[in-house]
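Remarks on the overall topology
For reference, the chains in residue letters:
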Amino acid sequence: MMKPHLILALLAMLSACSDSYKPSFERNPPPTESTLPADSEATDTSETGSDPADASDDSNTATDTNPVTPEPKPDPTPTPAPQFTVDPETLSFPVVFHLGGSNVWQSEEKLRPVIAEAQRILQQAKIEILPTYTTDMNPTENMDVFFVPQIPNNPGVNGISYGGGAPLEIYVIDNVGLNKVDDQRPADAPAPRYFKGAKPGDKIPVSADEAEQGRTTAHEIGHQLGLPHRQNTTNLLASGTTGWTLNAAEIATVRATALDKFKAKFVQTLP
Ligand SMILES: [Zn+2]
């Protein structure tokens, strides 16, 4: 049991603490708009046992006269998140990826390296595919890519693109097989700005299988964008290789087709 004089001494100490805090309030001048602490900063002082955090609730009002400015910060503005810089010539259009028929590519997460690879290839034409993902296997009014174990009515081919008119459908098999050519690409692909949580400079690791899947997807998208085969092994439109390049004429064709057939436009700010 605590002796009475100890309790009294303790109470005296406590009141001394709170007393010594009070004058610091009175010494501070009333805050101006620019010196008011942001909410997160104001909560730092709540550990002192007083109630400056409450005062911050009023900090947006012009009539605020509560003199609570424990330590004004020079710049209370939070640092903005880094922004992707996108070339204004970029042509963007939506592509719907249908995962309901695949035995391998069954989720957005799983497909990320494939999309990153396809986007890296199409980037040379400043083409941006804006992906949505669905398990529904019905075509939409947009460009559709279906991942399937085998192409319907065309066993043995890696992918097929039904261009010309509607439906604008692409089929890619789950496990494509390509002849490897020296493509000079690093294994990582840049994270497209439309990936959830992506920051500028983020890299997506792409395995050999994912790279082949992404290359085939980009090849079929190339067909949809008006390109015929060109059997130069390092070219994206060579059939059955890992080549990925486009020449100037091909870039002009895909851009014109994206505008005309897919109503592509530069999407400055993603939704
Ligand atoms: Zn082809």
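Further up the page is the structure itself.
In this report, the structure presented in the accompanying data block is examined. Model, not experiment: these values are computed from the prediction.

This part is about the overall build of the protein chain. Helix and strand counts for the protein chain stand at six helices and seven strands. Going from the N terminus to the C terminus, the protein chain shows its helices and strands as α-α-α-β-α-β-β-β-β-β-β-α-α. Here the protein chain holds 271 residues, and 30% of them are scored as buried. Within the protein chain, contacts between residues at least 6 apart in sequence are counted, and of these 70% link residues at least 24 apart.

So, about helix α5 (residues 208–224). Across its 17 residues, α5 extends 24 Å between first and last C-alpha, which sits within 8% of the 24 Å expected from 1.5 Å per residue. Within α5, 14 of the 17 residues are buried, leaving the element largely enclosed by the surrounding structure. With its phi angle positive at about 100°, G226 sits one or two positions after the end of α5.

Mapping A256 onto the fold places it in helix α6 (residues 248–261). The spacing of A256 and L225 is 31 residues in sequence and 8.2 Å in space, taken between C-alpha atoms.

On to the pairing of strand β3 (residues 143–148). Every regular strand shows the same layout, with side chains that alternate between the two sheet faces. Most of β3 sits inside the fold, with five of its six residues counted as buried. Two strands pair when backbone bridges link them, and β3 and strand β5 (residues 169–173) are joined in this way by five bridges, in the parallel orientation. Bridge pairing in β5 links F146 to Y171.

Let's shift gears to the environment of I160. Assignment of secondary structure puts I160 in strand β4 (residues 159–162). It is 9.5 Å that separates the C-alpha atoms of I160 and T217, two residues lying 57 residues apart in sequence. Setting aside residues up to four positions removed in sequence, I160 forms contacts with I151, N154 and Y171.

A few words now on the pairing of β5. Within β5, four of the five residues are buried, which leaves the element mostly enclosed by the surrounding structure. As paired strands, β4 and β5 are joined by four bridges and run antiparallel to one another. Following the sheet pairing, Y162 is matched in β5 by E169.

Let's shift gears to the sheet that holds strand β1 (residues 91–98). Taken in spatial order, the five strands of this open sheet run β2-β1-β3-β5-β4, and their pairing is mixed. The strands lining the two open edges of the sheet, one partner per strand, are β2 (127–134) and β4. The sheet shows a mean angle of 20° between the axes of neighbouring strands, direction not considered.

Conventions we followed
- Residues numbered from 1 in each chain as written.
- Predicted model: local features only at pLDDT ≥ 70, side-chain atom pairs only at ≥ 80, totals over all residues.
- Helix = DSSP H or I, 4+ residues; strand = E, 2+ residues; numbered from the N terminus.
- Buried ≥ 20, exposed ≤ 12 C-beta atoms within 10 Å, placed from the backbone.
- Contact = placed C-beta atoms within 7 Å.
- Expected span 1.5 Å × (residues − 1).
- Pairing = 2+ DSSP bridges.
- Axes fitted to C-alpha atoms, helices over the stretch in contact; angles between N-to-C directions.

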